Amino acid sequence: ETADGRLITSLCEEIFAFIIVHLRTIRDHLPAKSEIFGVAACIVLSRMQLKQIAHHEHAFDDLDSCCAAANDFDRMSERIEDMVTKFKEEGGISQLSESLIDEACRELVSLYSSHAVYAAQSVHIYVFEPMHESIADELFSAEWENDLTHNQLSVGIVRTIEDFRCDLEIYLSDYLLKKALDAFVTASVLFYIQSLLMKSEKHTLRTISCFNDTTKALGRMKDDIRIMREYFEGHVETMPALKRTIQKEFEVLTIVCEILSSASAGTSESVNEATNFVFVLHKQFSDVQITKQFIGDLWHLVAPSQELGVRTLIESMEIQLKSLSPPGSEMRG
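Residues numbered from 1 in each chain as written. Predicted model: local features only at pLDDT ≥ 70, side-chain atom pairs only at ≥ 80, totals over all residues. Heavy atoms only, no water.

Q: What's the story with the overall build of the protein chain in this structure? I'm lost.
A: A tally of helices and strands in the protein chain yields 15 helices and zero strands. Against the compact-globule benchmark of 20 Å for 333 residues, the protein chain has a radius of gyration of 26 Å, which places it well outside the compact range. Looking at the protein chain as a whole, 47% of its 333 residues qualify as buried. Partitioning the intrachain contacts of the protein chain with sequence separation of at least 6 by distance along the chain shows that 79% fall at a separation of at least 24. With the model as given, the accessible surface of the protein chain reaches about 16800 Å², and the carbon-plus-sulfur share is 54%. Averaging the locations of the 31 positively and 52 negatively charged side chains of the protein chain gives two centres separated by 4 Å. (Helix = DSSP H or I, 4+ residues; strand = E, 2+ residues; numbered from the N terminus. Rg over C-alpha atoms; globule rule 2.2 N^0.38 Å. Buried < 20%, exposed > 50% of the residue type's maximum accessible area, 1.4 Å probe, protein only. Contact = heavy atoms within 4.5 Å. Areas by Shrake-Rupley, 256 points an atom, 1.4 Å probe, with all protein chains shown as cover. Lys, Arg positive; Asp, Glu negative; His and termini not counted. Charge placed at Lys NZ, Arg CZ, Asp CG, Glu CD.)

Q: Any chance you could explain the packing of aromatic side chains here in plain terms?
A: How two aromatic rings sit relative to each other is given by the distance of their centres and the angle of their planes. Taken as a whole, this structure holds nine aromatic pairs when the rule is applied. With a centroid separation of 5.9 Å and an interplanar angle of 50°, the aromatic rings of F128 and F191 are classed as tilted. Residue F128 is located in helix α5 (residues 123-134), and its partner F191 is located in helix α8 (residues 174-202); the two are separated by 63 residues in the primary sequence. A relative accessible area of 1% places F191 in the buried class. Grouping aromatic residues by their ring pairs yields a cluster made of F140, W144, Y192 and F211. (Phe/Tyr/Trp six-rings, centres within 6.5 Å; stacked < 30°, edge-to-face > 60°.)

Q: Can you help me understand the packing of helix α11 (residues 268-285) against helix α13 (residues 307-316) in this one?
A: When two helices pack together, their arrangement is given by the angle between the helix axes and by the axis-to-axis distance. Put simply, α11 and α13 touch, their axes get as near as 9 Å, and they point 50° apart. Put simply, α11 runs oblique to α13. Remark: the crossing between α11 and α13 carries right-handed chirality. Here α11 contributes V271, N272, A274, T275 and V278 to the contact with α13, which in turn contributes G309, V310, L313 and I314. Within the contact of α11 with α13, the residues separate by chemical class into six nonpolar, three polar and no charged. (Axes fitted to C-alpha atoms, helices over the stretch in contact; angles between N-to-C directions. Parallel < 35°, antiparallel > 145°, perpendicular 65-115°, else oblique. Left-handed = near helix turned anticlockwise from the far one by under 90°. Nonpolar A, V, L, I, M, F, W, Y, C, P; charged D, E, K, R; others polar.)

Q: Before we go on, may I ask you to explain the layout of surface pockets in this structure?
A: Empty space left among the atoms is revealed by rolling a probe the size of a water molecule over them. Space inside the largest pocket adds up to approximately 360 Å³. Around the largest pocket, the lining is made up of 21 residues, and of these L11, I15, K51, Q52 and M76 lie nearest the centre. For the lining of the largest pocket, the secondary structure elements donating two or more residues are α1 (11-28), α2 (35-55) and α3 (63-90). When the residues that make up the lining of the largest pocket are grouped by side-chain class, the tally is twelve nonpolar, six polar and three charged. As a volume, the second largest pocket reaches approximately 220 Å³. Forming the boundary of the second largest pocket are T186, V189, L190, I193, Q194, L197, K248, E249, V252, Q284, F285 and F294. Those elements that provide at least two residues to the lining of the second largest pocket are α8, α10 (242-263) and α11. Counted by class, the lining of the second largest pocket contains seven nonpolar, three polar and two charged residues. (1 Å grid on protein atoms, 1.4 Å probe; cavity = no way out; pocket = protein on both sides within 12 Å on 5 of 7 lines; lining within 4 Å. Points joined across faces, edges and corners; volume = space filled by probe spheres on them.)

Q: Even after reading the chapter, I still don't get the pattern of salt bridges, so can you show me in this structure?
A: Side chains that differ in sign of charge can pair as their charged atoms come close. Inspection of the entire model under this criterion finds 19 salt bridges. Across the pair E307 and R206 runs a salt bridge whose closest N-O atoms are separated by 3.5 Å. Of this pair, E307 sits in helix α13 while R206 sits in the loop between α8 and α9 (214-233), and the two are 101 residues apart along the sequence. Measuring nitrogen to oxygen at the nearest pair gives 3.6 Å for the salt bridge that ties K248 to E249. Each of R24, R27, D28 and E90 takes part in a single network of salt bridges with overlapping partners. (Salt bridge = Lys/Arg side-chain N within 4 Å of Asp/Glu carboxyl O.)

Q: Quick question: what am I supposed to make of a negative patch on the surface here?
A: A cluster of acidic side chains, namely E1, D4, D61, D62, D64, D163 and D167, defines a negative patch on the protein surface. Within the secondary structure, D4 sits in the segment before α1. (Patch = residues over 30% accessible without salt bridge, like charges linked within 9 Å, V, L, I, M, F, W, Y side chains within 5 Å.)

Q: Sorry, what's going on with the nonpolar core here?
A: Side chains of nonpolar character tend, in soluble globular proteins, to be buried together. Residues I80, M83, W144, L168 and M221 are the most contacted members of the largest nonpolar core, which totals 107 residues. With residues up to four places along the chain from it excluded, the contact list for I80 reads F16, L45, M48, C105, L108, V109 and Y112. (Core = buried A, V, L, I, M, F, W, Y, C linked by side-chain atoms within 4.5 Å.)

Q: Any chance you could explain unusual backbone geometry here in plain terms?
A: Residues other than glycine predominantly adopt negative phi, and peptide bonds predominantly adopt the trans conformation. The phi torsion at F140 lies on the positive side, around 70°, for a residue other than glycine. Mapped onto the secondary structure, F140 falls in the loop between α5 and α6 (142-146). When its relative accessible area of 0% is taken as the criterion, F140 is described as buried. At N151, a residue that is not glycine, the phi angle is positive and equals roughly 55°. Here N151 lies in the loop between α6 and α7 (152-171).

Q: How should α7 be read in this particular structure?
A: Along an α-helix, residues three or four apart share an orientation, since each turn contains 3.6 residues. Over its 20 residues, α7 extends 29 Å from the first C-alpha to the last, a length consistent with the 28 Å expected when each residue adds 1.5 Å. Within the sequence span of α7, burial applies to L153, S154, I157, V158, I161, R165, L168 and Y171. Axial view of α7: buried residues confined to an arc of 130°, hence all on one face. Within α7, the exposed residues directed more than 90 degrees away from the buried face are R159 and D163. Of the surrounding secondary structure, the elements contacted by the buried residues of α7 are α3, α5, α6, α8 and α9. (Expected span 1.5 Å × (residues − 1). Arc of directions from axis to C-beta.)

All quantities given are derived from atomic positions and should not be read as evidence of function.
In structure tokens, the structure reads:
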């Protein structure tokens, strides 16, 4: 831990102490401005790149280790540039070697930087994992629908996120904190949708809604979504780029509410209206099977007797939907 509370390990210092000695030894045993040094340095940097790709996730054991890894990788991206600059200032390197080393350095900086962001965003796993165990089953329950009139569960979600955010404010740089909060937005939406789909999976009745009062349940959902969205929007002033993530991710929850509202009518007309949602969601998923499964599961929540009709409708649109998918997206899905 640094003096200002940032979490780090000695990884950066250990790696670069070894690499600097290694490169100096190679340079000192070659004639001045030898082209061989550039090739040798590129091989060393390439090996560093391969090692980083192979082992960068091994340190992600908990929240603290994710933060430490993010800071380590961020420092390594700066350290590699400093190291290359210092070697060039010391002289004895040909112009061709400098060009080769600069290109290898840029690739390594890009890799370290992307892994720093990935590590910071991986923190969300350890923020939401306990919530999956503690409140996922309570969301969309009869108690949630009838008794938790002040949306206590969604309030609890944002309070938990805020507690962790305050810790991350100490543990991470401002840049990495923003990236972590981006991941929190996405994770919040996914957590809410996953909990809803779990409710659908457990609903076994084929003729009635899983909610006692679907209109009331939809009102509760909209309030949940508003509370979560307003929490994140409260950070937009200091993190303007967050606004785009909020708009993109929360759009899916808006569509989910619209689907449930339409499905709750339980009529053949509402089934036909599903066409409007199919195209919108397919832009998000780019996979016909996922689109069909997702909409079918939502219909099953509130109008299970119409679920088969919706799935059949989406199947009839398969050729049209595939034509709208990016090349290779169905295979990836």
